[in-house]
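Residue-level structure breakdown
As a plain string of letters, each chain reads:
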Amino acid sequence: MSLLPALTGAFGDGSLSVAGERLTWDALAARANALGRAMQGLPAVAVEATPTMHTVVAVAAALAAGVPAVPIPPDAGPSERDHILRDSGAVLLPAPSADTSALPEPARDSTALIIYTSGTTGAPKGVVMPRSAIAAGLDGLADAWAWTGADTLVHGLPLFHVHGLVLGVLGPLRVGSGLVHTGRPTPEAYAAAKGSMYFGVPTVWSRVCSDPASAAALSGARLLVSGSAPLAVKVFETLQSLTGHLPVERYGMTETLITLSTRFDGERRPGWVGRPISGVSTRLIGDDGEVVEHDGVTVGELQVKGAAMFDGYLNRPDATSASFDGEWFRTGDAAVIDADGFHRIVGRLSMDIIKTGGFKVGAGEVEAALAEHPSVVEVAVVGLPDDDLGQRIVAYVVGERVDAAALIEHVASTLSVHKRPREVRVVDALPRNAMGKVQKNLLR
Ligand code: MLC
Ligand code: AMP
(Lines give C-alpha, C1' and ligand atoms only; values in the text may rest on other atoms or scores of the structure.)
(Ligands and ions follow the chains in the order given, each with its own letter.)
Protein backbone atom coordinates (compact mmCIF):
# COMPACT_ATOMS: atom_id res chain seq x y z
CA MET A 1 0.00 0.00 0.00
CA SER A 2 1.26 3.45 -0.73
CA LEU A 3 2.03 5.75 2.18
CA LEU A 4 -0.53 8.31 1.00
CA PRO A 5 -3.31 6.64 -1.00
CA ALA A 6 -4.87 10.09 -1.52
CA LEU A 7 -2.13 10.76 -4.08
CA THR A 8 -2.91 7.65 -6.12
CA GLY A 9 -6.61 8.21 -6.68
CA ALA A 10 -7.74 5.74 -4.00
CA PHE A 11 -10.39 7.87 -2.32
CA GLY A 12 -12.75 9.03 -5.05
CA ASP A 13 -14.39 12.39 -4.57
CA GLY A 14 -13.24 13.65 -1.13
CA SER A 15 -11.67 17.02 -0.57
CA LEU A 16 -9.62 19.07 1.83
CA SER A 17 -9.68 22.71 2.75
CA VAL A 18 -6.77 24.68 4.18
CA ALA A 19 -7.24 28.25 5.39
CA GLY A 20 -10.19 28.66 3.04
CA GLU A 21 -8.66 27.06 -0.10
CA ARG A 22 -10.38 23.82 -1.16
CA LEU A 23 -8.99 21.03 -3.37
CA THR A 24 -10.47 17.67 -4.35
CA TRP A 25 -8.27 14.62 -3.79
CA ASP A 26 -7.74 14.43 -7.57
CA ALA A 27 -6.66 18.06 -7.81
CA LEU A 28 -4.31 17.66 -4.85
CA ALA A 29 -2.81 14.52 -6.39
CA ALA A 30 -2.28 16.27 -9.74
CA ARG A 31 -0.53 19.23 -8.14
CA ALA A 32 1.56 17.06 -5.81
CA ASN A 33 2.63 14.69 -8.57
CA ALA A 34 3.57 17.53 -10.93
CA LEU A 35 5.66 19.24 -8.27
CA GLY A 36 7.06 15.92 -7.01
CA ARG A 37 8.23 14.96 -10.49
CA ALA A 38 10.29 18.17 -10.62
CA MET A 39 11.80 17.37 -7.20
CA GLN A 40 13.08 13.90 -8.04
CA GLY A 41 16.77 13.49 -7.30
CA LEU A 42 17.00 16.48 -4.94
CA PRO A 43 18.72 15.77 -1.59
CA ALA A 44 15.90 17.34 0.48
CA VAL A 45 13.47 20.22 -0.02
CA ALA A 46 12.76 23.08 2.38
CA VAL A 47 9.08 23.94 2.77
CA GLU A 48 8.17 27.31 4.26
CA ALA A 49 5.45 25.78 6.43
CA THR A 50 2.81 28.51 6.46
CA PRO A 51 -0.70 27.26 7.32
CA THR A 52 -1.72 27.15 3.64
CA MET A 53 -2.60 24.71 0.87
CA HIS A 54 0.78 25.51 -0.66
CA THR A 55 2.48 23.77 2.29
CA VAL A 56 0.22 20.72 2.01
CA VAL A 57 0.92 20.42 -1.73
CA ALA A 58 4.68 20.86 -1.25
CA VAL A 59 4.95 18.24 1.51
CA ALA A 60 2.72 15.83 -0.43
CA ALA A 61 4.89 16.38 -3.53
CA ALA A 62 8.08 15.59 -1.64
CA LEU A 63 6.51 12.42 -0.24
CA ALA A 64 5.31 11.42 -3.70
CA ALA A 65 8.82 11.92 -5.04
CA GLY A 66 10.59 10.19 -2.15
CA VAL A 67 12.52 13.38 -1.33
CA PRO A 68 12.81 14.31 2.37
CA ALA A 69 10.71 17.38 3.21
CA VAL A 70 12.08 19.82 5.78
CA PRO A 71 9.33 22.03 7.19
CA ILE A 72 10.63 25.47 8.22
CA PRO A 73 8.66 27.42 10.86
CA PRO A 74 7.49 30.49 8.93
CA ASP A 75 8.37 32.79 11.83
CA ALA A 76 11.88 31.34 12.26
CA GLY A 77 14.45 34.10 12.63
CA PRO A 78 17.72 34.08 10.67
CA SER A 79 19.79 32.02 13.09
CA GLU A 80 17.22 29.21 13.38
CA ARG A 81 16.51 29.24 9.64
CA ASP A 82 20.21 29.22 8.66
CA HIS A 83 20.86 26.32 11.00
CA ILE A 84 18.01 24.23 9.59
CA LEU A 85 18.98 24.89 5.96
CA ARG A 86 22.69 24.27 6.51
CA ASP A 87 22.21 21.18 8.70
CA SER A 88 19.65 19.52 6.41
CA GLY A 89 21.14 20.53 3.07
CA ALA A 90 17.57 21.20 1.92
CA VAL A 91 17.05 23.20 -1.28
CA LEU A 92 14.17 25.44 -2.32
CA LEU A 93 11.15 24.14 -4.20
CA PRO A 94 11.52 23.77 -7.98
CA ALA A 95 8.83 24.81 -10.47
CA PRO A 96 6.30 22.00 -11.08
CA SER A 97 6.49 19.72 -14.12
CA ALA A 98 3.55 19.60 -16.55
CA ASP A 99 3.12 15.84 -15.99
CA THR A 100 0.52 15.21 -13.28
CA SER A 101 0.44 11.39 -13.43
CA ALA A 102 1.15 9.35 -10.29
CA LEU A 103 4.78 8.72 -9.33
CA PRO A 104 6.04 5.24 -8.38
CA GLU A 105 5.92 4.52 -4.63
CA PRO A 106 9.30 5.34 -2.98
CA ALA A 107 11.07 2.74 -0.79
CA ARG A 108 9.31 2.10 2.54
CA ASP A 109 12.41 2.81 4.60
CA SER A 110 13.36 6.05 2.80
CA THR A 111 13.18 9.36 4.65
CA ALA A 112 9.85 11.16 4.51
CA LEU A 113 10.47 14.16 6.74
CA ILE A 114 13.20 15.88 8.70
CA ILE A 115 11.54 17.80 11.53
CA TYR A 116 13.57 20.06 13.80
CA THR A 117 13.04 19.73 17.54
CA SER A 118 14.62 21.53 20.49
CA GLY A 119 16.87 19.84 23.02
CA THR A 120 18.01 21.17 26.39
CA THR A 121 21.00 22.98 24.86
CA GLY A 122 22.29 23.94 21.43
CA ALA A 123 20.49 24.39 18.14
CA PRO A 124 17.44 22.23 17.29
CA LYS A 125 18.14 18.69 16.03
CA GLY A 126 16.74 17.26 12.80
CA VAL A 127 14.56 14.21 13.51
CA VAL A 128 14.85 11.87 10.50
CA MET A 129 11.49 10.20 10.04
CA PRO A 130 11.14 7.25 7.64
CA ARG A 131 8.00 6.56 5.61
CA SER A 132 7.49 3.25 7.42
CA ALA A 133 7.23 5.06 10.79
CA ILE A 134 4.61 7.47 9.50
CA ALA A 135 2.56 4.61 8.06
CA ALA A 136 2.76 2.61 11.31
CA GLY A 137 2.05 5.61 13.54
CA LEU A 138 -0.98 6.75 11.55
CA ASP A 139 -2.39 3.22 11.32
CA GLY A 140 -2.11 2.88 15.10
CA LEU A 141 -4.06 6.11 15.58
CA ALA A 142 -6.70 5.15 13.01
CA ASP A 143 -7.24 1.99 15.06
CA ALA A 144 -7.35 3.81 18.44
CA TRP A 145 -9.74 6.49 17.23
CA ALA A 146 -11.76 4.53 14.61
CA TRP A 147 -10.58 7.21 12.17
CA THR A 148 -11.93 6.49 8.68
CA GLY A 149 -12.82 8.07 5.37
CA ALA A 150 -16.22 8.91 6.86
CA ASP A 151 -14.60 11.46 9.22
CA THR A 152 -13.88 15.12 8.68
CA LEU A 153 -10.89 16.24 10.70
CA VAL A 154 -10.74 19.87 11.84
CA HIS A 155 -7.72 21.65 13.29
CA GLY A 156 -5.67 24.81 12.83
CA LEU A 157 -2.29 23.71 14.15
CA PRO A 158 1.08 24.75 12.73
CA LEU A 159 2.31 22.67 9.77
CA PHE A 160 5.94 22.36 10.86
CA HIS A 161 5.48 19.86 13.72
CA VAL A 162 4.22 16.33 14.14
CA HIS A 163 0.81 17.26 15.52
CA GLY A 164 -0.37 19.57 12.73
CA LEU A 165 1.62 18.07 9.85
CA VAL A 166 1.94 14.31 10.39
CA LEU A 167 -1.31 13.64 12.25
CA GLY A 168 -3.22 16.63 10.92
CA VAL A 169 -2.33 16.48 7.20
CA LEU A 170 -0.70 13.14 6.39
CA GLY A 171 -3.38 11.44 8.55
CA PRO A 172 -6.24 12.51 6.25
CA LEU A 173 -4.09 11.74 3.18
CA ARG A 174 -3.59 8.19 4.47
CA VAL A 175 -7.01 7.49 5.96
CA GLY A 176 -9.08 9.36 3.37
CA SER A 177 -10.95 11.53 5.87
CA GLY A 178 -11.86 15.07 4.91
CA LEU A 179 -9.70 17.83 6.33
CA VAL A 180 -10.59 21.37 7.28
CA HIS A 181 -7.52 23.31 8.40
CA THR A 182 -8.77 26.53 9.91
CA GLY A 183 -5.60 28.56 9.39
CA ARG A 184 -5.46 29.42 13.10
CA PRO A 185 -6.81 27.23 15.92
CA THR A 186 -9.42 29.67 17.22
CA PRO A 187 -12.60 28.53 19.02
CA GLU A 188 -14.80 30.38 16.50
CA ALA A 189 -13.14 28.69 13.52
CA TYR A 190 -13.43 25.25 15.16
CA ALA A 191 -17.12 25.87 15.83
CA ALA A 192 -17.78 27.00 12.26
CA ALA A 193 -16.07 23.99 10.66
CA LYS A 194 -18.57 21.29 11.74
CA GLY A 195 -16.20 18.32 11.69
CA SER A 196 -16.41 14.87 13.23
CA MET A 197 -12.90 14.87 14.79
CA TYR A 198 -11.01 17.82 16.25
CA PHE A 199 -7.33 18.09 17.17
CA GLY A 200 -5.92 20.66 19.59
CA VAL A 201 -3.10 21.32 22.00
CA PRO A 202 -4.27 22.01 25.58
CA THR A 203 -3.98 25.79 25.06
CA VAL A 204 -6.50 25.49 22.22
CA TRP A 205 -8.90 23.44 24.38
CA SER A 206 -8.58 25.86 27.26
CA ARG A 207 -9.44 28.74 24.90
CA VAL A 208 -12.43 26.73 23.60
CA CYS A 209 -13.60 26.37 27.21
CA SER A 210 -13.46 30.14 27.60
CA ASP A 211 -15.91 30.48 24.71
CA PRO A 212 -18.96 28.40 25.71
CA ALA A 213 -20.91 29.14 22.52
CA SER A 214 -18.10 27.80 20.33
CA ALA A 215 -17.62 24.85 22.68
CA ALA A 216 -21.31 23.95 22.43
CA ALA A 217 -21.02 23.87 18.63
CA LEU A 218 -18.58 20.95 18.97
CA SER A 219 -21.15 18.73 20.64
CA GLY A 220 -22.08 17.22 17.28
CA ALA A 221 -18.55 15.92 16.73
CA ARG A 222 -17.48 12.33 17.31
CA LEU A 223 -14.08 12.80 18.97
CA LEU A 224 -12.17 15.71 20.51
CA VAL A 225 -8.46 14.86 20.78
CA SER A 226 -5.85 16.64 22.91
CA GLY A 227 -2.11 16.22 22.88
CA SER A 228 1.41 17.73 22.73
CA ALA A 229 1.26 18.84 26.38
CA PRO A 230 -0.65 17.87 29.53
CA LEU A 231 -4.39 18.57 29.45
CA ALA A 232 -5.34 20.05 32.83
CA VAL A 233 -8.06 18.10 34.64
CA LYS A 234 -10.07 21.33 34.93
CA VAL A 235 -10.02 21.77 31.14
CA PHE A 236 -10.94 18.11 30.61
CA GLU A 237 -13.96 18.51 32.89
CA THR A 238 -15.07 21.87 31.49
CA LEU A 239 -14.85 20.48 27.97
CA GLN A 240 -17.00 17.58 29.06
CA SER A 241 -19.66 19.82 30.53
CA LEU A 242 -19.72 22.25 27.58
CA THR A 243 -19.52 19.74 24.70
CA GLY A 244 -20.82 16.50 26.19
CA HIS A 245 -17.56 14.80 25.13
CA LEU A 246 -14.84 13.29 27.27
CA PRO A 247 -11.73 14.36 25.36
CA VAL A 248 -9.36 11.66 24.10
CA GLU A 249 -5.85 12.38 25.34
CA ARG A 250 -2.80 11.09 23.56
CA TYR A 251 0.93 11.44 24.18
CA GLY A 252 3.84 11.46 21.79
CA MET A 253 7.07 13.00 20.63
CA THR A 254 8.56 14.11 17.35
CA GLU A 255 11.03 11.20 17.57
CA THR A 256 8.48 8.44 18.26
CA LEU A 257 5.24 9.86 16.87
CA ILE A 258 2.21 9.16 19.04
CA THR A 259 2.81 6.25 21.38
CA LEU A 260 -0.01 6.40 23.97
CA SER A 261 -3.68 7.22 23.67
CA THR A 262 -7.06 6.63 25.16
CA ARG A 263 -9.44 4.95 22.69
CA PHE A 264 -12.73 5.73 20.99
CA ASP A 265 -14.17 2.64 22.68
CA GLY A 266 -12.27 2.75 25.98
CA GLU A 267 -11.96 4.59 29.26
CA ARG A 268 -11.00 8.28 29.12
CA ARG A 269 -9.59 9.33 32.46
CA PRO A 270 -8.70 12.97 33.21
CA GLY A 271 -4.95 13.37 33.72
CA TRP A 272 -4.11 10.04 32.04
CA VAL A 273 -2.99 9.31 28.47
CA GLY A 274 -4.12 5.69 28.12
CA ARG A 275 -2.25 2.69 26.78
CA PRO A 276 0.27 2.08 23.97
CA ILE A 277 -1.18 2.25 20.48
CA SER A 278 -0.83 -0.93 18.42
CA GLY A 279 2.78 -1.80 17.65
CA VAL A 280 4.20 0.22 20.60
CA SER A 281 5.68 -1.09 23.87
CA THR A 282 6.61 0.97 26.93
CA ARG A 283 8.54 0.52 30.16
CA LEU A 284 9.41 2.66 33.17
CA ILE A 285 12.99 2.82 34.39
CA GLY A 286 13.88 4.00 37.90
CA ASP A 287 16.87 6.02 39.06
CA ASP A 288 19.06 2.95 39.47
CA GLY A 289 18.18 1.54 36.07
CA GLU A 290 15.64 -0.95 37.45
CA VAL A 291 12.27 -1.59 35.81
CA VAL A 292 9.59 0.16 37.87
CA GLU A 293 6.38 -1.56 39.00
CA HIS A 294 3.05 -0.76 37.37
CA ASP A 295 1.37 0.35 40.58
CA GLY A 296 0.04 3.73 39.43
CA VAL A 297 2.23 5.67 41.88
CA THR A 298 5.91 4.81 41.42
CA VAL A 299 7.52 7.23 38.97
CA GLY A 300 10.11 6.24 36.37
CA GLU A 301 11.45 7.48 33.07
CA LEU A 302 9.13 6.44 30.26
CA GLN A 303 10.92 4.50 27.54
CA VAL A 304 9.25 3.38 24.32
CA LYS A 305 9.89 1.18 21.30
CA GLY A 306 7.85 0.44 18.23
CA ALA A 307 7.42 0.70 14.49
CA ALA A 308 6.88 4.47 14.46
CA MET A 309 10.43 5.26 15.63
CA PHE A 310 12.66 7.88 13.96
CA ASP A 311 15.92 6.87 12.24
CA GLY A 312 18.11 9.17 14.38
CA TYR A 313 19.07 12.84 14.65
CA LEU A 314 20.57 14.16 11.42
CA ASN A 315 24.36 14.60 11.67
CA ARG A 316 24.19 13.86 15.42
CA PRO A 317 25.19 10.22 16.06
CA ASP A 318 26.23 11.24 19.60
CA ALA A 319 22.78 12.58 20.45
CA THR A 320 21.12 9.61 18.75
CA SER A 321 23.01 7.01 20.77
CA ALA A 322 22.53 8.98 24.00
CA SER A 323 18.78 8.90 23.47
CA PHE A 324 18.55 5.09 23.33
CA ASP A 325 18.95 2.39 25.95
CA GLY A 326 19.40 -0.56 23.58
CA GLU A 327 16.29 -0.54 21.41
CA TRP A 328 14.36 1.58 23.94
CA PHE A 329 14.04 5.32 23.29
CA ARG A 330 14.43 7.45 26.42
CA THR A 331 11.59 9.99 26.29
CA GLY A 332 12.91 12.17 29.12
CA ASP A 333 9.37 12.21 30.52
CA ALA A 334 8.56 10.98 34.01
CA ALA A 335 5.49 8.75 34.16
CA VAL A 336 3.54 6.21 36.17
CA ILE A 337 1.68 3.15 34.85
CA ASP A 338 -1.19 1.57 36.77
CA ALA A 339 -2.11 -2.09 37.03
CA ASP A 340 -4.46 -1.73 34.02
CA GLY A 341 -1.63 -0.40 31.87
CA PHE A 342 -2.92 3.19 31.92
CA HIS A 343 -0.16 5.81 31.72
CA ARG A 344 0.07 9.21 33.39
CA ILE A 345 2.79 11.70 32.46
CA VAL A 346 3.92 13.44 35.64
CA GLY A 347 6.58 15.80 34.26
CA ARG A 348 9.89 16.15 32.46
CA LEU A 349 13.16 14.83 33.85
CA SER A 350 14.92 18.00 32.70
CA MET A 351 13.78 21.48 33.72
CA ASP A 352 15.52 22.71 30.58
CA ILE A 353 12.75 21.50 28.28
CA ILE A 354 9.80 23.90 28.31
CA LYS A 355 6.40 23.21 26.71
CA THR A 356 4.64 26.46 25.97
CA GLY A 357 1.38 26.42 24.03
CA GLY A 358 2.37 22.88 22.95
CA PHE A 359 5.68 24.08 21.48
CA LYS A 360 8.83 22.46 22.83
CA VAL A 361 11.53 25.01 23.61
CA GLY A 362 15.01 24.32 24.98
CA ALA A 363 16.01 26.70 27.78
CA GLY A 364 19.61 26.54 26.57
CA GLU A 365 18.73 27.79 23.10
CA VAL A 366 16.89 30.81 24.50
CA GLU A 367 19.68 31.47 27.03
CA ALA A 368 22.26 31.43 24.22
CA ALA A 369 20.22 33.93 22.18
CA LEU A 370 19.82 36.24 25.19
CA ALA A 371 23.49 35.97 26.16
CA GLU A 372 24.41 37.49 22.77
CA HIS A 373 22.60 40.69 23.72
CA PRO A 374 24.99 43.44 24.90
CA SER A 375 22.92 44.29 28.01
CA VAL A 376 22.99 40.71 29.33
CA VAL A 377 25.72 39.55 31.72
CA GLU A 378 24.12 36.29 32.87
CA VAL A 379 20.81 34.63 32.15
CA ALA A 380 18.75 31.62 33.16
CA VAL A 381 15.53 30.62 31.39
CA VAL A 382 12.78 28.56 33.01
CA GLY A 383 9.19 27.55 32.31
CA LEU A 384 6.69 28.80 34.90
CA PRO A 385 3.12 27.46 35.22
CA ASP A 386 0.66 29.40 33.04
CA ASP A 387 -3.12 28.96 32.79
CA ASP A 388 -3.23 29.64 29.05
CA LEU A 389 0.08 28.22 27.77
CA GLY A 390 0.72 25.43 30.29
CA GLN A 391 4.17 26.91 30.83
CA ARG A 392 5.39 30.38 29.96
CA ILE A 393 9.01 31.18 29.22
CA VAL A 394 10.57 33.46 31.85
CA ALA A 395 14.13 34.80 31.64
CA TYR A 396 16.02 35.79 34.78
CA VAL A 397 18.65 38.30 33.71
CA VAL A 398 21.65 39.86 35.38
CA GLY A 399 22.73 42.86 33.33
CA GLU A 400 23.04 46.57 32.83
CA ARG A 401 20.20 48.84 31.71
CA VAL A 402 18.12 45.81 30.76
CA ASP A 403 15.19 46.65 28.46
CA ALA A 404 12.79 43.71 28.80
CA ALA A 405 10.87 44.46 25.59
CA ALA A 406 14.09 44.66 23.58
CA LEU A 407 15.28 41.29 24.93
CA ILE A 408 11.94 39.64 24.14
CA GLU A 409 12.03 41.07 20.62
CA HIS A 410 15.64 39.93 20.21
CA VAL A 411 14.65 36.28 20.84
CA ALA A 412 11.46 36.55 18.72
CA SER A 413 13.47 37.83 15.78
CA THR A 414 16.57 35.58 15.94
CA LEU A 415 14.84 32.29 16.85
CA SER A 416 11.05 32.13 16.45
CA VAL A 417 8.19 34.05 17.99
CA HIS A 418 7.03 31.15 20.17
CA LYS A 419 10.51 30.90 21.74
CA ARG A 420 10.38 34.45 23.09
CA PRO A 421 10.25 34.94 26.88
CA ARG A 422 6.87 36.20 28.00
CA GLU A 423 8.54 37.89 30.95
CA VAL A 424 12.02 39.16 31.83
CA ARG A 425 12.90 39.45 35.53
CA VAL A 426 16.01 41.45 36.36
CA VAL A 427 17.95 40.03 39.33
CA ASP A 428 21.23 40.96 41.04
CA ALA A 429 22.59 37.43 40.84
CA LEU A 430 21.50 33.92 39.86
CA PRO A 431 21.28 31.32 42.65
CA ARG A 432 24.17 28.89 42.24
CA ASN A 433 25.24 25.75 44.07
CA ALA A 434 28.73 25.05 45.39
CA MET A 435 29.75 23.82 41.93
CA GLY A 436 28.67 27.14 40.40
CA LYS A 437 25.69 25.59 38.58
CA VAL A 438 22.52 27.69 38.39
CA GLN A 439 19.83 26.27 40.69
CA LYS A 440 16.78 26.62 38.48
CA ASN A 441 14.55 24.90 41.03
CA LEU A 442 15.07 27.97 43.26
CA LEU A 443 14.09 30.30 40.40
CA ARG A 444 10.87 28.37 39.82
C1 MLC B 1 3.50 38.39 20.55
N2 MLC B 1 3.32 38.27 19.24
C3 MLC B 1 4.48 38.61 18.66
C4 MLC B 1 5.41 38.91 19.68
N5 MLC B 1 4.75 38.77 20.83
N6 MLC B 1 4.84 38.67 17.39
C7 MLC B 1 6.09 39.04 17.09
N8 MLC B 1 7.04 39.33 18.02
C9 MLC B 1 6.73 39.30 19.32
N10 MLC B 1 7.66 39.59 20.20
C11 MLC B 1 2.05 37.91 18.57
C12 MLC B 1 1.94 36.49 18.10
O13 MLC B 1 2.61 36.25 16.90
C14 MLC B 1 0.45 36.40 17.88
O15 MLC B 1 0.09 37.20 16.77
C16 MLC B 1 -0.07 37.09 19.11
O17 MLC B 1 0.98 37.98 19.51
C18 MLC B 1 -0.45 36.16 20.26
O19 MLC B 1 0.64 35.30 20.53
P20 MLC B 1 0.51 33.99 21.51
O21 MLC B 1 0.17 34.38 22.87
O22 MLC B 1 1.73 33.17 21.26
O23 MLC B 1 -0.75 33.21 21.09
P24 MLC B 1 -0.98 32.44 19.81
O25 MLC B 1 -0.14 32.92 18.71
O26 MLC B 1 -2.45 32.49 19.63
O27 MLC B 1 -0.48 30.94 20.17
C28 MLC B 1 -1.23 29.98 20.87
C29 MLC B 1 -1.32 28.70 20.05
C30 MLC B 1 0.10 28.32 19.65
C31 MLC B 1 -1.96 27.62 20.89
C32 MLC B 1 -2.17 28.96 18.83
O33 MLC B 1 0.89 28.23 20.82
C34 MLC B 1 0.16 27.07 18.83
O35 MLC B 1 -0.11 27.08 17.65
N36 MLC B 1 0.54 25.92 19.45
C37 MLC B 1 0.63 24.64 18.80
C38 MLC B 1 1.98 24.04 18.97
C39 MLC B 1 2.08 22.66 18.32
O40 MLC B 1 1.48 22.40 17.29
N41 MLC B 1 2.84 21.77 18.91
C42 MLC B 1 2.94 20.40 18.48
C43 MLC B 1 4.36 19.92 18.60
S44 MLC B 1 4.44 18.18 18.08
P45 MLC B 1 -0.95 36.77 15.66
O46 MLC B 1 -1.15 37.99 14.84
O47 MLC B 1 -0.29 35.65 14.92
O48 MLC B 1 -2.18 36.36 16.43
C49 MLC B 1 4.39 17.35 19.54
C50 MLC B 1 4.21 15.87 19.52
C51 MLC B 1 2.84 15.63 20.00
O52 MLC B 1 4.39 17.92 20.57
O53 MLC B 1 2.63 14.92 20.98
O54 MLC B 1 1.95 16.20 19.36
P1 AMP C 1 7.87 17.41 20.83
O2 AMP C 1 9.32 17.17 20.98
O3 AMP C 1 7.54 18.80 20.45
O4 AMP C 1 7.34 16.40 19.98
O5 AMP C 1 7.25 17.24 22.28
C6 AMP C 1 7.20 16.00 22.93
C7 AMP C 1 6.90 16.21 24.38
O8 AMP C 1 5.61 16.78 24.57
C9 AMP C 1 6.87 14.95 25.19
O10 AMP C 1 8.17 14.49 25.53
C11 AMP C 1 6.05 15.38 26.39
O12 AMP C 1 6.86 16.04 27.33
C13 AMP C 1 5.07 16.36 25.80
N14 AMP C 1 3.74 15.77 25.58
C15 AMP C 1 3.17 15.38 24.41
N16 AMP C 1 1.91 14.93 24.63
C17 AMP C 1 1.68 15.02 25.96
C18 AMP C 1 0.58 14.70 26.81
N19 AMP C 1 -0.58 14.23 26.33
N20 AMP C 1 0.72 14.92 28.14
C21 AMP C 1 1.87 15.41 28.64
N22 AMP C 1 2.93 15.73 27.90
C23 AMP C 1 2.84 15.55 26.57
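Residues numbered from 1 in each chain as written. Chains lettered and ligands numbered in written order. Predicted model: local features only at pLDDT ≥ 70, side-chain atom pairs only at ≥ 80, totals over all residues. Heavy atoms only, no water.

Bringing empty space enclosed by the protein into the picture now. Applying the stated criterion across every chain, the model contains 2 cavities of 30 Å³ or more. Counted as a void, the largest cavity has a volume near 90 Å³. Forming the boundary of the largest cavity are Ser2, Leu4, Leu7, Thr8, Asn33, Leu63, Ala64, Leu103, Pro104, Glu105, Pro106 and Arg131. Its residues assigned to classes, the lining of the largest cavity comprises 7 nonpolar, 3 polar and 2 charged. Of the volumes computed, that of the second largest cavity is approximately 40 Å³. If you trace the second largest cavity, you find it lined by Thr256, Thr259, Val280, Val304, Lys305, Gly306, Ala308 and Met309. Looking at the lining of the second largest cavity element by element, the count peaks at 3 residues for strand β15 (residues 300-306). (1 Å grid on protein atoms, 1.4 Å probe; cavity = no way out; pocket = protein on both sides within 12 Å on 5 of 7 lines; lining within 4 Å. Points joined across faces, edges and corners; volume = space filled by probe spheres on them. Nonpolar A, V, L, I, M, F, W, Y, C, P; charged D, E, K, R; others polar. Helix = DSSP H or I, 4+ residues; strand = E, 2+ residues; numbered from the N terminus.)

We now examine the domain arrangement of the protein chain. As assigned here, the protein chain comprises domain 1 (5-184), domain 2 (250-348) and domain 3 (357-443). The interface is formed by 16 residues belonging to domain 1 together with 15 residues belonging to domain 3. For the pair domain 1 and domain 3, the summed buried surface comes to about 1,000 Å²; carbon and sulfur atoms form 46% of the total. Considering only the side of domain 1, the residues that lose the most area to domain 3 are Asp75, Glu80 and Ser118, jointly responsible for 43% of the buried surface there. (Domains from an automatic or database assignment. Contact = heavy atoms within 4.5 Å. Buried area = accessible area lost by both parts, 1.4 Å probe.)

Quick look at the sheet that holds strand β13 (residues 275-276) now. Overall, mixed pairing links the 9 strands, which are arranged β2-β1-β8-β7-β9-β10-β11-β12-β13 in an open sheet. Strands with a single pairing partner mark the edges of an open sheet, and in this sheet they are β2 (21-24) and β13. Sheet topology note: the strand β12 (residues 257-261)/β13 ladder contains 2 bridges and is antiparallel. Bridging across to β13, Leu260 finds its partner in Pro276. Along the sheet, helix α2 (residues 53-65) makes contact with β1 (15-18) and β2, crossing β1 at roughly 125°. (Pairing = 2+ DSSP bridges. Axes fitted to C-alpha atoms, helices over the stretch in contact; angles between N-to-C directions.)

Near ligand 1 lie 22 residues; those nearest to it are Ser228, Arg250, Lys355, Gly357 and Arg420. Residue Gly252 places a main-chain N or O atom 3.4 Å away from an oxygen atom belonging to ligand 1. Take Gly358: an N or O atom from its main chain is 2.9 Å from a nitrogen atom of ligand 1. The fraction of the free accessible surface of ligand 1 (1,100 Å²) that becomes covered by protein chains is 70%. The class makeup of the residues in the shell around ligand 1 is 8 nonpolar, 7 polar and 7 charged. (Near = heavy atom within 4 Å. Polar contact = N/O pair within 3.5 Å; in protein donor to acceptor, adjacent residues only side chain to side chain. Areas by Shrake-Rupley, 256 points an atom, 1.4 Å probe, with all protein chains shown as cover.)

Another point: the site of ligand 2. In the vicinity of ligand 2 there are 16 residues, among which Arg250, Thr254, Asp333, Arg348 and Lys360 approach most closely. Take Arg348: an N or O atom from its side chain is 2.8 Å from an oxygen atom of ligand 2. Contacts to ligand 2 include Lys355, whose side-chain N or O atom sits 2.9 Å from an oxygen atom. Isolated, ligand 2 exposes 500 Å² of accessible area, and the fraction of that covered by the protein chains is 93%. Elements that contribute at least two residues to the shell around ligand 2 include exactly β11 (248-253) and β19 (343-348).

This part covers helix α1 (residues 25-39). If you check α1, its first and last C-alpha atoms are 21 Å apart, about what 15 residues at 1.5 Å a residue would give, namely 21 Å. Inspection of α1 places Trp25, Leu28, Ala29, Ala32, Asn33, Ala34, Leu35, Gly36 and Met39 among the buried residues, and these make up the whole buried set. Buried residues belonging to α1 abut β1, β2, β3 (45-48), α2 and α5 (162-175). Gly41 occupies a position one or two residues after α1 and carries a positive phi of about 90°. (Expected span 1.5 Å × (residues − 1). Buried < 20%, exposed > 50% of the residue type's maximum accessible area, 1.4 Å probe, protein only.)

All right, on to the packing of helix α7 (residues 202-209) against helix α9 (residues 233-243) then. Two quantities define a packed helix pair, namely the angle between the axes and the distance from one axis to the other. Viewed as axis vectors pointing N to C, α7 and α9 meet at an angle of 45°, and their least axial separation amounts to 9 Å. Between α7 and α9, the angle is such that the two are oblique. In this structure, α7 meets α9 at a crossing whose hand is left-handed. Within the contact between the two elements, α7 uses Trp205, Ser206, Val208 and Cys209 and α9 uses Val235, Thr238, Leu239 and Leu242. Here the residues of the contact of α7 with α9 are counted per class, giving 6 nonpolar, 2 polar and no charged. (Parallel < 35°, antiparallel > 145°, perpendicular 65-115°, else oblique. Left-handed = near helix turned anticlockwise from the far one by under 90°.)

Moving on, we get to the layout of surface pockets. The gaps left among the atoms become clear once a water-sized probe is rolled over them. Roughly 440 Å³ of internal volume is contained in the second largest pocket. For the second largest pocket, the lining is made up of 23 residues, of which Gly119, Thr120, Lys125, Tyr313 and Arg348 are closest to its centre. Contributions of two or more residues to the lining of the second largest pocket are made by α10 (317-322) and β18 (328-337). Broken down by element, the residue count for the lining of the second largest pocket peaks at 4 residues, all from β18. Grouping the amino acids of the lining of the second largest pocket by side-chain chemistry returns 7 nonpolar, 9 polar and 7 charged. Each of domain 1 (5-184) and domain 2 (250-348) contributes no fewer than three residues to the lining of the second largest pocket.

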